[in-house]
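# A closer look at the structure
The primary structure of each chain is shown beneath.
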Amino acid sequence: SIPEGYLPDGNGSYSGRMDDALREHRRSRFLELLKDYTSKELIERLEISNDSYVSRLRTGRKGIGEEKARDWERRLGKQEYWFDKTDEQLKGGPQS
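Every value quoted in this text rests on a predicted model; they were computed, and no experiment measured them. (Residues numbered from 1 in each chain as written. Predicted model: local features only at pLDDT ≥ 70, side-chain atom pairs only at ≥ 80, totals over all residues. Heavy atoms only, no water.)

## A closer look at the packing of helix 1 (residues 20-36) against helix 3 (residues 51-59)
Relative orientation of the contacting elements helix 1 and helix 3 amounts to 125°, with a least axis distance of 8 Å. Regarding the angle of helix 1 to helix 3, the classification is oblique. Facing Arg 27, Phe 30, Leu 31 and Leu 34 of helix 1, the residues of helix 3 in contact are Val 54, Leu 57, Arg 58 and Thr 59. For the contact of helix 1 with helix 3, a count of residues per class yields five nonpolar, one polar and two charged. (Axes fitted to C-alpha atoms, helices over the stretch in contact; angles between N-to-C directions. Helix = DSSP H or I, 4+ residues; strand = E, 2+ residues; numbered from the N terminus. Parallel < 35°, antiparallel > 145°, perpendicular 65-115°, else oblique. Contact = heavy atoms within 4.5 Å. Nonpolar A, V, L, I, M, F, W, Y, C, P; charged D, E, K, R; others polar.)

## What to know about the packing of aromatic side chains
For any pair of aromatic rings, the description consists of the separation of the ring centres together with the inter-plane angle of the planes. Tallied over the full model, the rule gives three aromatic pairs. Ring centres of Trp 82 and Phe 83 lie 5.1 Å apart, and the angle between their planes is 80°; on these two criteria the pair is classed as edge-to-face. The exposure class assigned to Trp 82 is buried, which follows from its relative accessible area of 7%. Among the aromatic residues, those joined into a ring-pair cluster are Phe 30, Trp 72, Trp 82 and Phe 83. The ring of Trp 82 carries Lys 78 above its face, with NZ or CZ at 4.7 Å from the centroid. (Phe/Tyr/Trp six-rings, centres within 6.5 Å; stacked < 30°, edge-to-face > 60°. Buried < 20%, exposed > 50% of the residue type's maximum accessible area, 1.4 Å probe, protein only. Lys NZ or Arg CZ within 6 Å of the ring centre and 35° of its normal.)

## Quick look at the packing of helix 1 against helix 2 (residues 39-46)
In contact at an axis separation of 8 Å, helix 1 and helix 2 are set at 115° when each is read in the N-to-C sense. Comparing their axes, helix 2 and helix 1 come out roughly perpendicular. As for how helix 1 packs across helix 2, the hand of that crossing is right-handed. Residues Phe 30, Leu 33, Leu 34 and Asp 36 of helix 1 lie in contact with helix 2, whose contacting residues are Ser 39, Glu 41 and Leu 42. (Left-handed = near helix turned anticlockwise from the far one by under 90°.)

Below you can see the structure in the form of structure tokens.
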């Protein structure tokens, strides 16, 4: 299914752009990972090309797309949509 906010308005074309809130939430989740893993560990586990990519993710210059988020969740043993949802939402709490 297509995530909410990814459909075009009117007759516009599909852009695939994520909204700023989702982009920032995924970035904050990535920053959480950096508390549990070193950059080197993440590069190896997530098969990231280099430390420069980690730096761009950390600063928000690079976003984490849908496919990459799902792939990384699997590689890290995280619940599906971990990058997109709060801990409360993942536990079945209110959807805010």
